[in-house]
Each structure stands twice: as C-alpha cells, then as structure tokens.
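# What the coordinates show
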Amino acid sequence: MKKIIVALDMQDSKKALELVKALSPYVDIFKVGPILFLTSGPKIIEDIKRLGNDAFLDMKFHDIPATVKRSVESARQMGMHSLTLHSAGGELMMKEAASVPNHPKLWAVTVLTSELTDPIIVRQRAQLAQKCGMDGVISSPHEIEIIKKSCGRDFTVVTPGIRMESDSKNDQKRISTPKAAIKAGADFIVVGRPIIEANDPVEAAKRINGEVEEALG
Ligand code: C5P
C-alpha cells in the first residue's frame, strides 16, 4: 500500500473527486473529515471506493462508549478502510470500538499535531490505545520513534504535520519532511494543504512520493 494519505479537506465534492482521480497513481487512501463529509455525505465514500481507492474517515470520535461503538458499526457498514477516535475518550470507549467484529482499522489520535506537547504523554496515550485494541495511532513525526520503540513495529503510526522544506507550516506546530517521517518509521503520512492547495497537486504528490521512495531506499 502506498504511504501517502491525502486529506481531502474541502467542501466541494466535485473538486475532491477530480483530485482523487488525478492523484490515484500516488495515493491509495483518501482521508475524509467533517469538512467534506458534512457537505457530501456517504456518497463521497462510495465515489472514492468506486474509483478503486480506500476511504479513511477522520471524525476523531470522542463520545460515550455505546455511541462510539455504534458509530464504528456504521463505518464498517459503509466499507470504510479506517477511522479515527480520540485516545482521550478513554479505555472503555476504545475497548467498545474494538469489540465491533470486522471493524475498520482503528487509529487513535494521541495529541493533535497543531498542539505542542510532551512526547511522554504521546507515548502513554499510544500504549493505552494499544492495550485497548487499537490498530495504531495518529501522532506527529516527532514521536514516531518513541511509539515504535514502546509499542512495537507492527503497531501502525500514521503521521500528519508533513511539510516539504519550502512549504508553509500553516497552523501545524510539530512538523517534519516526508523523508524524515518515513525514515523514522511512519507507516503512512497524511498530507493535506501541501498537496490540495498546491498550484499543481499532481506535481506536489509526485515530489512527496519521490522523497518517500528515497527514504525507503
Ligand atoms: O493540511 P495538513 O497537511 O496540515 O492536514 C493535516 C490533516 O491531518 C488535517 O486533515 C488534520 O485534521 C489531520 N490531523 C492532524 N493532526 C492530528 C490528527 C489529524 O493534523 N493529530
């Protein structure tokens, strides 16, 4: 599976699907969050899948355990590849989510990459997420190594906060280049604005993919 996940953070589903088509040579998984889902609904997920790609639902669930469990069931029925929930939602919430048979990959947010934090907190949340049956975590590039060391290589780490040297940081605080993130052991890198707001998104994806391949050697 390709390492780049593109965040389709836009309201316009037509534009989103044009990007999905154009970026498919470099991307297998597309991330849909509230911005797009609230304007386009489940149809956008069907369309992404119809074009041969996987959909990653990034709603960062953080609610009572029963509600999160039923939300995971709904995501499974929609054929979602993966989804996020917030590790701060606690042990019971994550365990209920993991109890859903054949659930999509469950990736727990540790701490948002737009926030500064102590890596120890990220490590603790990752360990708790693993204990509760999560398939992996979302963390900044700065904590990949510490998580892999404490949770093992098979515990997936998905990393937003990716910027090329020349990119704007936007609101992200803990950032890294694609190459450094992959070298540190990221299983997937999530890239939004550096691709979707680029003058030429395909060229941007190609460049990032080049860095990923270089890092993989
Ligand atoms: O545009 P940019 O590349 O900063 O987008 C990063 C994406 O990753 C956004 O969709 C954001 O919601 C998401 N994300 C994040 N930090 C997390 C979890 C998700 O930036 N910890």
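Conventions and cut-offs
- Residues numbered from 1 in each chain as written.
- Predicted model: local features only at pLDDT ≥ 70, side-chain atom pairs only at ≥ 80, totals over all residues.
- Heavy atoms only, no water.
- Core = buried A, V, L, I, M, F, W, Y, C linked by side-chain atoms within 4.5 Å.
- Buried < 20%, exposed > 50% of the residue type's maximum accessible area, 1.4 Å probe, protein only.
- Contact = heavy atoms within 4.5 Å.
- Pairing = 2+ DSSP bridges.
- Helix = DSSP H or I, 4+ residues; strand = E, 2+ residues; numbered from the N terminus.
- Axes fitted to C-alpha atoms, helices over the stretch in contact; angles between N-to-C directions.
- Arc of directions from axis to C-beta.
- Phe/Tyr/Trp six-rings, centres within 6.5 Å; stacked < 30°, edge-to-face > 60°.
- Parallel < 35°, antiparallel > 145°, perpendicular 65-115°, else oblique.
- Left-handed = near helix turned anticlockwise from the far one by under 90°.

Quick look at the nonpolar core now. In this structure, Leu8, Leu85 and Ile189 are the most contacted members of the largest nonpolar core, which totals 60 residues. Beyond its immediate sequence surroundings of up to four residues, Leu85 is in contact with Lys60, Phe61, Val68, Met93, Met94, Ala97, Leu106, Trp107, Ala108, Val109 and Met134. Membership of the second largest hydrophobic core comes to 10 residues, among which are Ile29, Trp107, Ile138 and Phe188.

Let us look at the sheet that holds strand β8 (residues 188-191). Strand order around the closed barrel formed by 8 strands is β1-β2-β3-β4-β5-β6-β7-β8, with parallel pairing between neighbours. Sheet twist, expressed as the average angle between the axes of neighbouring strands with direction ignored, equals 25 degrees. Inspection of the sheet shows strand β7 (residues 156-159) paired to β8 by 2 bridges, in the parallel sense. Considered in β8, the bridge of Val158 is made with Phe188. Contacts from helix α3 (residues 42-50) reach β2 (29-32) and β3 (54-61), with the element oriented near 175 degrees to β2.

Before going further, it helps to examine helix α7 (residues 144-151). Restricting attention to buried positions, one finds in α7 the residues Ile144, Ile147, Lys148 and Cys151. Axial view of α7: buried residues confined to an arc of 95 degrees, hence all on one face. More than 90 degrees from the buried face of α7, the exposed residues found are Glu145 and Lys149. On its buried side, α7 packs onto α6 (119-131), β6 (136-138), β7 and α8 (178-184). Count one or two residues on from α7 and you reach Gly152, which has phi positive near 95 degrees.

Next up on the list: the packing of aromatic side chains. Taken as a whole and judged by the stated rule, the model has 2 aromatic pairs. On the basis of an interplanar angle of 75 degrees and a centroid distance of 5.0 Å, the ring pair of Phe56 and Trp107 is categorised as edge-to-face. Here Trp107 lies in strand β5 (residues 105-109) and Phe56 lies in strand β3, a separation of 51 residues in the sequence. Judged by relative accessible area, Phe56 falls into the buried class, the value being 1%.

Right, let's get into the packing of helix α1 (residues 13-23) against α3. α3 packs onto α1 with a crossing angle of 20 degrees between their chain directions and a minimal axis gap of 10 Å. Here α3 runs roughly parallel to α1, going by the angle between their axes. The handedness of the crossing between α1 and α3 comes out as right-handed. Judged by residue contacts, Ser13, Ala16, Leu17 and Val20 of α1 engage Ile44, Asp47 and Ile48 from α3.

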